[in-house]
Amino acid sequence: AHGPWVEEHLGEVREAADVSWDHAASDVISVTCARGSAFLKRHRDRRKFDQERAAYVDWCPGLEAAATLLAATESPGPALLVQAAPGVPLAQLDALSVDAERDHWRRAGAFLAALHALPHEDLDELPLPDAWARRAEAWGRRAADAITREEANAVLSLTRAPWPDTTEVPRRVPCHRDFTPRNWIVTEGSIAVIDFEHARPDWALVDLARALEEIPLGREDLASALWA
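Residues numbered from 1 in each chain as written. Predicted model: local features only at pLDDT ≥ 70, side-chain atom pairs only at ≥ 80, totals over all residues. Heavy atoms only, no water.

## Some thoughts on the overall build of the chain
When helices and strands are tallied, the chain shows 7 helices and 10 strands. Taken along the three principal axes of its C-alpha coordinates, the chain extends 60 × 45 × 40 Å. Across the 228 residues in the chain, those meeting the buried criterion constitute 39%. Counted over contacts in the chain with a minimum sequence separation of 6, partners at least 24 positions apart contribute 66%. (Helix = DSSP H or I, 4+ residues; strand = E, 2+ residues; numbered from the N terminus. Buried < 20%, exposed > 50% of the residue type's maximum accessible area, 1.4 Å probe, protein only. Contact = heavy atoms within 4.5 Å.)

The following block contains the structure:
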């Protein structure tokens, strides 16, 4: 359905392949056209489309390592056309040297530092501690069949606890919120970050925690590279 729109921007479509993730939250089509290659991302969730488009328009132009949005449309359905970056997702590479892997994680950390440092005025009236308490309560309800009530209450008690220094309550900054190696397109010396559908202002540690949980046990060197 979006073929004519794609051809308006990149010329005749010569090859197309479905490369969607199995979560089925969106359709992602790799297209090779007369004037270049790109990914067509058709959203099923309007909020995610709005978040991703806003991130590409408002944040990514100031980030050297972010993928590039070529176009966005709402007809015949919400969709984005993103320029194809050279390389493959880091999560798909399993024969890297230790040094090369560390370099990729260091570049990922540098991207986060730049993203979180973008100018942003936190105008949300709900303080982050209160937002986190509400979020934990919602997660607890969703996890009711997976964990015990005692476990849920233990987490809730932590989120409701007073913050160590109320004068230093963290502010919201631009966040990716799905910052994992499968969204880092890498070559030997570069990284390009994709998939901003969850992006919105949040606590910076959200991005760090999301990345750190992907590190295998015993690879503290990758965590150090990210933090660096």
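## Focus: the packing of aromatic side chains
Using the criterion set out here, one finds 6 aromatic pairs in the structure. Judged by centre distance (4.9 Å) and plane angle (80 degrees), the ring pair of Trp105 and Trp184 falls under edge-to-face. Here Trp105 is found in helix H3 (residues 98-116), whereas its partner Trp184 is found in strand S8 (residues 184-187), with 79 residues between them in sequence. Note on accessibility: Trp105 and Trp184 belong to one class, buried. The interplanar angle of 10 degrees and the centroid separation of 5.8 Å between the aromatic rings of Phe111 and Phe179 together place this pair among those described as stacked. Of this pair, Phe111 sits in helix H3 while Phe179 sits in the loop between strand S7 (173-175) and S8, and the two are 68 residues apart along the sequence. The pair Phe111 / Phe179 is uniform in exposure class, with both members buried. (Phe/Tyr/Trp six-rings, centres within 6.5 Å; stacked < 30°, edge-to-face > 60°.)

## What about the nonpolar core?
Membership of the largest hydrophobic core comes to 32 residues, with the highest contact counts inside it found for Tyr56, Trp105, Phe111, Leu115, Phe179, Trp184 and Phe196. Put simply, the parts of the chain that give this core at least two residues each are helix H2 (46-59), strand S5 (79-83), H3, S8, strand S9 (190-193), helix H6 (204-212) and helix H7 (220-227). Ranked by the residues each element gives to this core, the list is headed by H3, at 5 residues. Aside from chain neighbours lying at most four places away, what touches Trp184 is Val88, Pro89, Leu90, Trp105, Ala108, Phe179, Ile191, Ala192, Val193 and Ala211. Membership of the second largest hydrophobic core comes to 11 residues, among which are Val6, Ile29, Val31 and Ala79. (Core = buried A, V, L, I, M, F, W, Y, C linked by side-chain atoms within 4.5 Å.)

## Regarding the sheet that holds S8
Taking strand neighbours across the sheet as the criterion, the 3 strands line up as S6-S8-S9 in an open arrangement whose pairing is antiparallel. Only two strands of the sheet have a single neighbouring strand rather than two, namely strand S6 (88-89) and S9. Of the strand pairs in this sheet, S8 and S9 are connected by 4 bridges, and their pairing is antiparallel. Among the inter-strand pairings, Val186 is bridged to a residue of S9, identified as Ile191. Against the sheet, H3 touches S8 and S9, its axis set at about 45 degrees to S9. (Pairing = 2+ DSSP bridges. Axes fitted to C-alpha atoms, helices over the stretch in contact; angles between N-to-C directions.)

## Brief notes about the environment of Asp207
Along the chain, Asp207 falls in helix H6. Considering only alpha carbons, one finds Asp207 and Leu112, 95 residues apart in sequence, at a separation of 7.7 Å. For Asp207, the residues in contact, after removing those within four places along its chain, are Leu112, Leu115, His116, Pro174, Cys175, His176, Arg177, Asp178 and Phe179.

## Looking at the environment of His104
Along the polypeptide, His104 turns up in helix H3. Separated by 43 residues in the primary sequence, His104 and Pro61 have C-alpha atoms spaced 21 Å apart. In this structure His104 touches Leu90, Leu96, Val186, Thr187, Glu188, Ser190 and Ile191, once residues within four positions along its chain are discounted.

## A short note on the pairing of strand S1 (residues 13-18)
In summary, the side chains of a regular strand alternate between the two faces of the sheet. The element S1 is barely covered by neighbouring structure, given that only 0 of its 6 residues are classed as buried. In the sheet, S1 pairs with strand S2 (residues 26-33) via 5 bridges, with the strands oriented antiparallel. Paired with Ala16 across the strands is Val31, a residue of S2.

## Some remarks on the packing of H6 against H7
The packing of two helices is summarised by the inter-axis angle and the distance between the axes. Interaxial distance between H6 and H7 falls to 11 Å at its minimum, and their mutual angle equals 155 degrees. By the angle class used here, H6 and H7 are roughly antiparallel. In this structure, the crossing between H6 and H7 has a hand that is right-handed. On H7, the residues touching Leu205, Leu208, Ala211 and Leu212 of H6 are Ala223, Leu226 and Trp227. Among the residues forming the contact of H6 with H7, the class breakdown is 7 nonpolar, no polar and no charged. (Parallel < 35°, antiparallel > 145°, perpendicular 65-115°, else oblique. Left-handed = near helix turned anticlockwise from the far one by under 90°. Nonpolar A, V, L, I, M, F, W, Y, C, P; charged D, E, K, R; others polar.)

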